[in-house]
Amino acid sequence: MSFLVVSIIFCGCLSESVKEEISSEPLLDCETTALVSYEPLVDGENSHTIVANVRSIKLNESSEVLVFTEPIDGTFSILEYPCITNCSRSVFGNESFIAPLRLDAADFDGDGKNELVLSDIGILPPSDEKYGKVSILTINNSSIVDEQIIIQNIGRVACAEAADLDSDQDLDLTICEFGNTNGSVGWLENLGGENWTWHKLENKSGAIEATPVDIDGDGDLDIVSIISQLSEEIVIFWNDGSGNFVQETLFNANTTYYGMSGINVVDYGNDGDKDILFTNGDVLDGDFPSNENFWDYHGLSLLENMGGGEFQYQKLMSFTGAYDSAIYDIDSDGDDEIVVIGFRPTFGGAIFDDNDPSPNIGWLDFIDQSWVTIFPTNDIDIPLITLEVMDLNGDGERSLIAGNHDVTNSTDAPKLISISANYNITCVEN
């Protein structure tokens with residue numbers, strides 16, 4: 001059984017139609033000389049380093065900070081800003097926290113300061129036990145002033161995101177109940193007076209994220225969700241503007257060991273609409289066939305928004321263990337690349353093919369109208385699971401930040417790192 005924070009147990013087989021689609025070869029033949037390095041942002045403190053999520057949030061309209069969760073420690077942290085290396089942080093926890101997984105921020109009471117939305121998964125191994133909860137936290141400097149528990153005693157909560165989903169001028173919450181064999185995707189309607197109603201939109205286990213976004217440009221917020229476990233789907237819930245949703249599956253892998261892992265809604269191509277990048281790369285799937293290679297299944301894919309509710313699927317990159325993606329100019333050439341990190345742990349019994357070229361970081365570079373896959377020759381010897389991009393020190397330059405998720409580590413390997421790269425590339429047409 002997988003013990004990753006959002007890991008899962010699978011069984012099934014991949015249809016030939018999907019398997020044929022997931023070959024990914026660059027259109028150019030490129031040779032690269034890559035050097036990837038990192039600086040520690042938060043030290044490991046001689047303890048197990050298990051970061052579940054790293055994210056930039058706003059405490060108010062002008063104050064952006066970096067936060068990260070440590071579910072086994074039962075805490076989350078806010079880095080002091082500005083930060084360069086070995087950043088100071090405030091650590092938050094209380095007796096009601098079990099396993100904090102993810103944070104969001106929004107102003108629920110209209111005082112100009114954002115409260116924090118905490119998703120507490122409750123129990124790390126896949127389980128249908130009812131330990132999950134969602135809280136709204138009011139913080140002041142380094143302490144929690146108030147905790148309003150929105151919902152509790154439900155399945156393993158993987159996400160809760162603030163948004164006005166019914167156009168009534170208050171903030172509701174999307175919610176992912178990951179569970180194990182049971183679960184759901186839905187939203188919590190804010191009725192005022194600390195009263196909330198839970199609307200379940202889909203009763204499937206394995207919901208990782210439920211992102212509120214106006215993906216069709218009609219002025220209201222839809223919900224884009226990535227669902228793993230027995231489904232392995234990207235699903236959109238179209239909103240009529242009043243909180244009534246119609247469900248549509250945009251992608252289904254037709255296998256239970258596809259390993260869905262992360263989603264990123266971006267404007268791919270800078271054409272003014274919202275597209276969906278998603279990774280699949282859970283190497284801890286318990287039923288992955290011993291005669292198959294992760295490389296043939298895992299990677300980064302795109303659902304390109306073609307307008308009118310139509311999306312076009314494309315596999316962009318094969319990558320064993322692909323877990324999160326970010327848009328970032330990693331080579332400092334003035335153009336953004338698509339960076340992917342791979343979770344390749346030393347625990348859990350995953351067997352990697354010696355011929356697999358995947359390190360634990362790579363990127364796609366758009367060269368001469370083609371996406372070229374770049375794998376650095378040296379990788380970062382840390383199991384990475386979560387990415388964020390943020391200006392950490394106020395100099396106007398963004399940093400690429402990754403979180404370490406290694407339950408076997410008892411050394412001082414850093415919890416958070418800032419990644420940089422230098423490389424030369426020479427390409428010829430195939």
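Anything mentioned here points back to the structure above.
Residues numbered from 1 in each chain as written. Predicted model: local features only at pLDDT ≥ 70, side-chain atom pairs only at ≥ 80, totals over all residues. Heavy atoms only, no water.

**Description of the packing of aromatic side chains**
1) Next: Inspection of every chain in the model, using the stated rule, returns 18 aromatic pairs.
2) Next: For the pair F76 and F97, a centre-to-centre distance of 6.0 Å together with 35° between the ring planes defines the contact as tilted. Highlighted residues: F76 in strand β5 (residues 75-79) and F97 in the loop between β6 (89-92) and β7 (100-106), separated in sequence by 21 residues. Both residues of the pair, F76 and F97, count as buried.
3) Next: Seen in terms of ring centroids, F251 and Y313 are 4.8 Å apart; in terms of plane orientation they differ by 20°. Their pairing is stacked. (Phe/Tyr/Trp six-rings, centres within 6.5 Å; stacked < 30°, edge-to-face > 60°. Helix = DSSP H or I, 4+ residues; strand = E, 2+ residues; numbered from the N terminus. Buried < 20%, exposed > 50% of the residue type's maximum accessible area, 1.4 Å probe, protein only.)

**What about the sheet that holds strand β3 (residues 53-58)?**
1) Next: Strand order in the open sheet formed by four strands is β3-β4-β5-β6, with antiparallel pairing between adjacent strands. Looking at the sheet topology across the chains shown, the edges are occupied by β3 and β6. Strand after strand, the sheet turns through a mean of 25° between neighbouring axes, direction not considered.
2) Next: As paired strands, strand β4 (residues 64-70) and β5 are joined by four bridges and run antiparallel to one another. Note that in β5 the partner of E70 across the bridge is T75. (Pairing = 2+ DSSP bridges. Axes fitted to C-alpha atoms, helices over the stretch in contact; angles between N-to-C directions.)

**Some thoughts on the state of the cysteines**
1) Next: Taken as a whole and assessed by the stated rule, the structure comprises two disulfides.
2) Next: Residue C83 pairs covalently with C87 via a disulfide, S to S 1.4 Å. Each of the two residues, C83 as well as C87, counts as buried.
3) Next: In this model C159 forms its disulfide with C176; the gap between the sulfur atoms is 2.1 Å. Residues C159 and C176 are joined through a disulfide that is right-handed, its torsion about the S-S bond being 65°. Taken as a pair, C159 in strand β11 (residues 157-163) and C176 in strand β12 (residues 172-177) lie far apart in primary sequence, 17 residues in all.
4) Next: The exposure class assigned to C159 is buried, which follows from its relative accessible area of 1%.
5) Next: By relative accessible area, C176 is classed as buried at 0%. (Disulfide = S-S within 2.5 Å.)

**Focus: the environment of N360**
1) Next: Here N360 shows up in the loop between β24 (337-342) and β25 (361-367).
2) Next: Using a relative accessible area of 5% as the deciding quantity, one classes N360 as buried.
3) Next: For the pair formed by N360 and Y323, sequence separation is 37 residues and the distance between their alpha carbons is 9.6 Å.
4) Next: In this structure the side chain of N360 is engaged in a polar contact, spanning 2.3 Å, whose partner is the backbone oxygen of I380.
5) Next: Here I382 takes part through its backbone oxygen, which lies 2.7 Å from a polar atom of the side chain of N360. (Polar contact = N/O pair within 3.5 Å; in protein donor to acceptor, adjacent residues only side chain to side chain.)

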